[in-house]
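This is what each chain is made of:
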Amino acid sequence: MQPGLIQEIAALVGPEHVLREEEARWTYAYDATDLTALPDLVVFPGSAAEVAAIVRLANRYRFPVIPRGAGTNQVGAAVPLQGGVVLALTRMNRILEINPEDLVAVVEPGVITGHLKQAAAEKGLYYPPDPGSQDYCTIGGNVATGAGGAVAVQYGVTRDYVLGLEVVDRKESPRGSKLVFLRTPGSEELLEIKEIYGKGDERRTEIVAGETDLELEDMIAEEDMVIAITKSGYIKRLPVTAYREQRRGGIGVMGMELKEDDYIEH
Ligand SMILES: Cc1cc2nc3c(=O)[nH]c(=O)nc-3n(C[C@H](O)[C@H](O)[C@H](O)COP(=O)(O)OP(=O)(O)OC[C@H]3O[C@@H](n4cnc5c(N)ncnc54)[C@H](O)[C@@H]3O)c2cc1C
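Residues numbered from 1 in each chain as written. Predicted model: local features only at pLDDT ≥ 70, side-chain atom pairs only at ≥ 80, totals over all residues. Heavy atoms only, no water.

Student: Would you mind showing me how to read the nonpolar core here?
Tutor: A general feature of soluble globular proteins is that nonpolar side chains tend to end up buried together. Counting 18 residues, the largest nonpolar core has Ile9, Leu41, Val43, Val51, Phe63, Val85 and Leu87 as its most contacted members. Counting only elements with at least two residues in this core, the list comes to helix H1 (3-13), strand E2 (41-43), helix H3 (48-61) and strand E4 (85-88). Setting aside its immediate chain neighbours within four residues, Leu87 contacts Val43, Pro45, Val51, Ile54, Val65, Ile66, Pro67 and Arg68. (Core = buried A, V, L, I, M, F, W, Y, C linked by side-chain atoms within 4.5 Å. Buried < 20%, exposed > 50% of the residue type's maximum accessible area, 1.4 Å probe, protein only. Helix = DSSP H or I, 4+ residues; strand = E, 2+ residues; numbered from the N terminus. Contact = heavy atoms within 4.5 Å.)

See the structure below:
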């Protein structure tokens with residue numbers, strides 16, 4: 001990156017909020033995968049306006065911008081494979097409002113998920129999404145990845161709790177939106193199962209006993225599966241291998257909401 005451009009970015013956010021030294025930049029070259037790639041610059045914006053200003057520069061000078069929360073994703077999504085600016089959002093970590101009346105929280109993207117859960121709990125409220133990384137991952141990363149966790153079957157995942165976003169895109173200025181994410185059962189496969197065995201609305205698939213025999217084998221492909229059916233009629237099906245891999249990187253199951261009777265393992 002040209003020194004002039006680096007200076008321009010540093011002037012925008014303050015020089016103390018930019019990492020230029022190579023050894024410092026290496027600490028933002030990775031996520032929870034084995035991938036690494038060195039960013040040209042790491043920038044810690046303090047507001048949506050600063051984010052928008054950096055995106056404006058990126059449009060003008062054509063450099064990649066990679067948003068980053070805590071870098072805990074497991075797919076290489078925060079690794080700057082083509083260099084450019086890593087936009088580390090950890091400075092934007094304020095909980096602006098939690099309104100117990102309308103049950104709405106307004107937060108900046110760098111808020112740690114566990115901090116929001118704690119702040120909600122202090123007001124007698126429950127913010128359900130609970131990725132295993134909740135003690136250090138961010139709400140922005142949760143929204144971008146649609147993060148779920150141990151209570152996802154019963155309560156849904158992050159997207160089920162997003163009412164609106166302030167978005168900076170290539171159109172350069174922050175835009176307010178009113179995006180309401182609706183709950184859906186998920187995969188085509190579940191829709192098919194619901195079609196065959198289910199009755200009820202999109203969210204609650206009721207399995208009707210006796211109408212037709214539920215042959216578990218019909219739903220099992222090549223390998224052993226874990227099938228969980230909640231009391232409210234939600235079906236979750238996972239290959240055993242994927243289920244085991246999802247045991248939070250070897251640190252154990254963080255929680256299990258399903259009752260014995262609802263849970264079948266082959
Ligand atoms: C031990 C462990 C347990 C985990 N358990 C779970 C789990 O139970 N459930 C689950 O779903 N995931 C889990 N994960 C994966 C990971 O924690 C989640 O994907 C989490 O949502 C990532 O958040 P982050 O702040 O670390 O985002 P990052 O990894 O920094 O970023 C993830 C993606 O989001 C983008 N992004 C980040 N912030 C923003 C923003 N403000 N605006 C736009 N884009 C943004 C990044 O560019 C990247 O593409 C786990 C990971 C670990 C290491």
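Now that the structure has been shown, we can carry on.
Student: For this particular structure, what's the right way to read the environment of Val65?
Tutor: Considering the arrangement of structural elements, one finds Val65 in strand E3 (residues 65-68). A C-alpha to C-alpha distance of 9.8 Å links Val65 and Leu41, two positions 24 residues apart in sequence. In contact with Val65, other than residues within four places in its own chain, are Ala58, Val85 and Leu87.

Student: How should I be thinking about H1 in this particular structure?
Tutor: The α-helix winds at 3.6 residues per turn, so residues separated by three or four positions along the chain end up facing the same way. Inspection of H1 places Leu5, Ile6, Ile9, Ala10 and Val13 among the buried residues, and these make up the whole buried set. All buried residues of H1 lie within an arc of 140 degrees about the axis, which places them on one face of the element. H1 presents Pro3, Gln7 and Ala11 as exposed residues on the side facing more than 90 degrees away from its buried surface. Next to the buried residues of H1 lie strand E1 (18-19), E2, H3 and E4. Within two residues after H1, Gly14 carries a phi angle of roughly 100 degrees, on the positive side. (Arc of directions from axis to C-beta.)

Student: Looking at this structure, how should I read the pairing of E3?
Tutor: The side chains of a regular strand alternate, residue by residue, between the two faces of the sheet. Burial along E3 is one-sided: Ile66 and Arg68 are buried, while Val65 and Pro67, pointing the other way, are not. When E3 meets E4, the two strands line up parallel, connected through four bridges. For Ile66, the partnering residue across the bridge sits in E4 and is Val86. (Pairing = 2+ DSSP bridges.)

Student: Which parts of the structure should I look at to understand the site of the ligand?
Tutor: Near the ligand, the surroundings consist of 26 residues, among which Pro67, Gly69, Thr72, Ser133 and Thr138 are the closest. Residue Pro67 places a main-chain N or O atom 2.6 Å away from an oxygen atom belonging to the ligand. Between the ligand and Gly141, the relevant distance is 3.4 Å, taken from an oxygen atom to a main-chain nitrogen or oxygen of the residue. Compared with its free state, where it exposes 980 Å², the ligand has 82% of that area covered by protein. Those elements that place two or more of their residues in the shell around the ligand are E3 and helix H5 (139-145). Looking at the shell around the ligand, the element that brings in the most residues is H5, giving five residues. In terms of residue class, the shell around the ligand is made up of 10 nonpolar, 14 polar and two charged. Looking at which domains feed residues into the shell around the ligand, each of domain 1 (3-91) and domain 2 (95-217) gives three or more. (Near = heavy atom within 4 Å. Polar contact = N/O pair within 3.5 Å; in protein donor to acceptor, adjacent residues only side chain to side chain. Areas by Shrake-Rupley, 256 points an atom, 1.4 Å probe, with all protein chains shown as cover. Nonpolar A, V, L, I, M, F, W, Y, C, P; charged D, E, K, R; others polar. Domains from an automatic or database assignment.)

Student: So what exactly am I meant to see when it comes to the pattern of salt bridges here?
Tutor: Pairs can form between side chains of opposite charge whenever their charged atoms are close. Applying the stated criterion to the full structure yields two salt bridges. Here Glu8 ties to Arg60 by a salt bridge, and the two come within 3.9 Å at their closest N and O atoms. Of this pair, Glu8 sits in helix H1 while Arg60 sits in helix H3, placing them 52 residues apart in sequence. For Arg94, the salt bridge is made with Glu108, and the minimal N-O distance between the two is 2.7 Å. Of this pair, Arg94 sits in the loop between E4 and strand E5 (95-99) while Glu108 sits in the loop between strand E6 (104-107) and helix H4 (113-122), and the two are 14 residues apart along the sequence. (Salt bridge = Lys/Arg side-chain N within 4 Å of Asp/Glu carboxyl O.)

Student: Quick question: what am I supposed to make of the pairing of E6 here?
Tutor: Note that E5 and E6 share four bridges and pair antiparallel. Following the sheet pairing, Ile95 is matched in E6 by Val107.

Student: Would you explain unusual backbone geometry in this entry?
Tutor: Most peptide bonds take the trans form, and the phi angle of most residues other than glycine is negative. Of note in this structure, Arg62 is not a glycine but carries a positive phi near 60 degrees. Despite not being glycine, Leu103 shows a phi value in the positive range, around 60 degrees. Locating Leu103 in the fold gives a position in the loop between E5 and E6. When its relative accessible area of 61% is taken as the criterion, Leu103 is described as exposed.

Student: So what exactly am I meant to see when it comes to H4 here?
Tutor: Thr113, Gly114, Leu116, Lys117, Ala119 and Ala120 are the residues of H4 that are buried. Against the buried residues of H4 lie E5, E6 and H5. At the C-terminal side of H4, Gly124 shows a positive phi close to 75 degrees.

Student: For this particular structure, what's the right way to read the confidence of the model for the protein?
Tutor: Atom-level detail of predicted coordinates should not be read off regions where pLDDT is low. Across the protein, the average pLDDT comes to 77, with 64% of residues at or above 70. For the stretch residues 197-222, pLDDT sits under 50, and the model shows 46 contacts to residues farther than four places along the chain or on other chains. Confidence over residues 248-256 falls short of pLDDT 50; this stretch has seven contacts with residues more than four positions distant or in other chains. (pLDDT = per-residue confidence, 0-100.)

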